[in-house]
Amino acid sequence: MNIITLEDINQQAQETPEMFVIDSEAAYDRQLRHLADDVCRHASERPIILISGPSGSGKTTTANRLEQILDAAGYEAHTLSMDDYYADGTRNKDIVDQFGRPDYESPLRLDTDLLNTQLEQLARGEAVELPKFDFAAQKQCRSGRILRRNPHELIIMEGIHALNPEVTGQSHDIASRVYLSVRTRIQMGDEKLHPSLIRFARRLIRDSRTRGRAPEESFEMLTSISRGENLYIMPYKHLANYELDTFIGYELAVYAPQILGIVQELALSASLETGIPALCRFLEAITPVSDDWIPESSLVREFIGGSIFTS
């Protein structure tokens, strides 16, 4: 677990904000390039790359950034999302949590037979027609996109259940397995901000921007998301060959102007156990950084908008 002090963040935000952004992006890029180097060394026996991580960990951007690096290294990669392998909603209507509410985190919602079959076919170099999931209609559709993995090419599959052997099956034997999450804690005095609250800040912005979800809804989902992580993601992180810390040094300073008022409102009624009051204190104390210097390929852009990889 890494630690960065709020004092250090504020000093860089005040004195050299543009270099703060550049240096933070470079630090994450170094992690990706180290991962890509090792993936290339094992490409012949492990042509599949499985990327897992909890909600808000930056899987989409990481997968696409990794694809760019691998392409440049001569190992053309194709990125697929596990979201497209959800089964039709009619099959999932009875999958609920302990409160009787739909359990959207459950791996049972996936069409694991299709997922496993296609991963194995792609590893063998066979052509497959990839699915496309229509979330509005809750229906799996045929995409018309045919993919065949040629020699020296790689398949990247990203999704929260990518490390669960009950989901990705035998492909574990032919895969490089990657686990992502925020692993850095921000310290202010004797208090440390839990990394999950950085991910919550990311989701709070993204939920409002792309999903029309009110802050209260995002907050109410914390319990079910945390439950899903503990049941379906964390038990399999030890199976990863690689772990990446997706914390970007300046990110909370960029989020603060967008969500401080919202978090202050949530903190009025949130219990200490939720961490929201702590997040509020850190946001109030941080020096804001403009998003003008953030590149389009940044993981931060996945949440605040303007990414070349996401809408």
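Up top you'll find the structure we're talking about.
The present account deals with the structure reproduced in this document. Here the residue index of a chain counts from 1 through its sequence in written order. Residue-level local features of this predicted model are given only where pLDDT is at least 70; pairs of side-chain atoms are given and counted only at 80 or more, and the full residue set underlies all totals for whole chains, interfaces and linings. With hydrogens and water set aside, each side-chain value is computed from the structure's full complement of heavy atoms.

### A closer look at the packing of helix 7 (residues 195-210) against helix 10 (residues 251-267)
At a minimum axis separation of 10 Å, helix 7 and helix 10 run at an interaxial angle of 80°. Our classification of the angle between helix 7 and helix 10 gives roughly perpendicular. Taken together, the residues of helix 10 that come into contact with helix 7 (itself represented by Ile198, Phe200, Ala201, Arg202, Leu204 and Ile205) are Glu251, Leu252, Tyr255, Gln258, Ile259, Ile262, Val263 and Leu266. Lys, Arg, Asp and Glu make up the charged group, whereas Ala, Val, Leu, Ile, Met, Phe, Trp, Tyr, Cys and Pro make up the nonpolar group; the residues left over, Gly among them, are polar. Considering only residue class, the contact of helix 7 with helix 10 consists of eleven nonpolar, one polar and two charged. Helix axes use the C-alpha atoms of the stretch in contact, all axes being lines fitted to C-alpha atoms, and the angles between their N-to-C directions lie in the range 0 to 180 degrees. Only DSSP runs of H or I covering at least 4 residues are called helices, and only runs of E covering at least 2 are called strands; the numbering of each starts at the N terminus. With respect to orientation, any angle under 35 degrees is reported as roughly parallel, any angle over 145 as roughly antiparallel, any angle of 65 to 115 as roughly perpendicular, and every other angle as oblique. By the convention used here, residues are in contact when the closest approach between their heavy atoms is within 4.5 Å.

### Looking at the sheet that holds strand 7 (residues 175-181)
Whether two strands pair depends on DSSP finding at least two bridges between them. Taking strand neighbours across the sheet as the criterion, the five strands line up as 3-6-2-7-10 in an open arrangement whose pairing is parallel. In this open sheet, the two edge strands, each paired with only one partner strand, are strand 3 (77-81) and strand 10 (242-245). Going across the sheet, the axis of each strand differs from the next one's by a mean of 20°, ignoring polarity. Alignment of strand 3 against strand 6 (residues 154-158), held across five bridges, turns out to be parallel. In the strand pairing of strand 6, Thr79 is matched with Ile156.

### With respect to the nonpolar core
We define the nonpolar core as a collection of buried residues of types Ala, Val, Leu, Ile, Met, Phe, Trp, Tyr and Cys that are connected through side-chain atoms lying within 4.5 Å of one another. Throughout, exposure labels follow a simple rule: accessible area from a 1.4 Å probe, protein chains only, divided by the maximum for the residue type, with under 20% read as buried, over 50% as exposed, and the rest as partly exposed. Counting residues in hydrophobic clusters, the biggest one holds 62 residues, and the most contacted among them are Ile49, Leu70, Ile186, Leu193, Leu252 and Tyr255. Non-local contacts of Leu252, meaning those with residues more than four positions away in its chain, are made with Ile186, Leu193, Ile198, Ala201, Leu279, Phe282, Leu283 and Ile286.

### Regarding the environment of Arg145
With respect to the helices and strands, the residue Arg145 is situated in strand 5 (residues 139-147). For Arg145, a relative accessible area of 40% corresponds to the partly exposed category. Beyond its immediate sequence surroundings of up to four residues, Arg145 is in contact with Thr79, Leu80, Val128, Glu129 and Leu130.

### Digging into the side chain of Asn64
Structurally, Asn64 is set in helix 3 (residues 59-72). Of the polar contacts made by the side chain of Asn64, one reaches the backbone oxygen of Thr60; its length is 2.8 Å. With sequence-adjacent residues up to four places away left out, Asn64 is seen in contact with Thr79 and Phe309. Here a polar contact is recorded for every N or O atom pair within 3.5 Å, except that within protein the pair must consist of a potential hydrogen donor and a potential acceptor, and residues adjacent in sequence are included only if both atoms are side-chain atoms.

### Focus on the sheet that holds strand 9 (residues 191-193)
One open sheet holds the three strands; their spatial order is 1-8-9, and the pairing between them is mixed. Only two strands of the sheet have a single neighbouring strand rather than two, namely strand 1 (2-5) and strand 9. Geometrically, the sheet is characterised by an average inter-axis angle of 35° between neighbouring strands, direction not taken into account. Bridging between strand 8 (residues 184-188) and strand 9 involves three bridges; their strand directions are antiparallel. Of the residues in strand 9, the one forming a bridge with Met188 is Glu191. Lying on the sheet, helix 1 (residues 6-15) is in contact with strand 1 and strand 8; it crosses strand 1 at an angle near 55°.

### A look at the packing of aromatic side chains
Note on aromatic contacts: the rings of Phe and Tyr and the six-membered ring of Trp form a pair at centre separations within 6.5 Å, being stacked when their planes are under 30 degrees apart, edge-to-face when over 60 apart, and tilted otherwise. Following the criterion strictly, the structure yields four aromatic pairs and no others. Between the aromatic rings of Phe20 and Tyr250, the centroid separation amounts to 6.4 Å while the plane-to-plane angle is 75°, which identifies the pairing as edge-to-face. Of the two residues, Phe20 sits in helix 2 (residues 17-41) while Tyr250 sits in the loop between strand 10 and helix 10, which places them 230 residues apart along the sequence. No difference in accessibility class separates Phe20 from Tyr250, as the two residues are buried.

### Structural notes on helix 10
With 17 residues, helix 10 should reach 24 Å at 1.5 Å per residue; the first-to-last C-alpha distance of 21 Å falls well below that figure. One axis is fitted to the seven residues ending at the residue and one to the seven starting there. The bend at that residue is the angle between these axes. At Ile259, helix 10 shows its maximal bend, which comes to roughly 65°. For helix 10, the set of buried residues is Glu251, Leu252, Ala253, Val254, Tyr255, Ala256, Ile259, Val263, Leu266 and Ala267. Check the buried side of helix 10 and you find it contacts strand 8, strand 9, helix 7, helix 8 (215-220), helix 11 (276-285) and helix 12 (301-304). Take the number of residues in a helix, subtract one, and multiply by 1.5 Å to get its expected span.

Take it as geometry only, folks, not as evidence of what the structure does.
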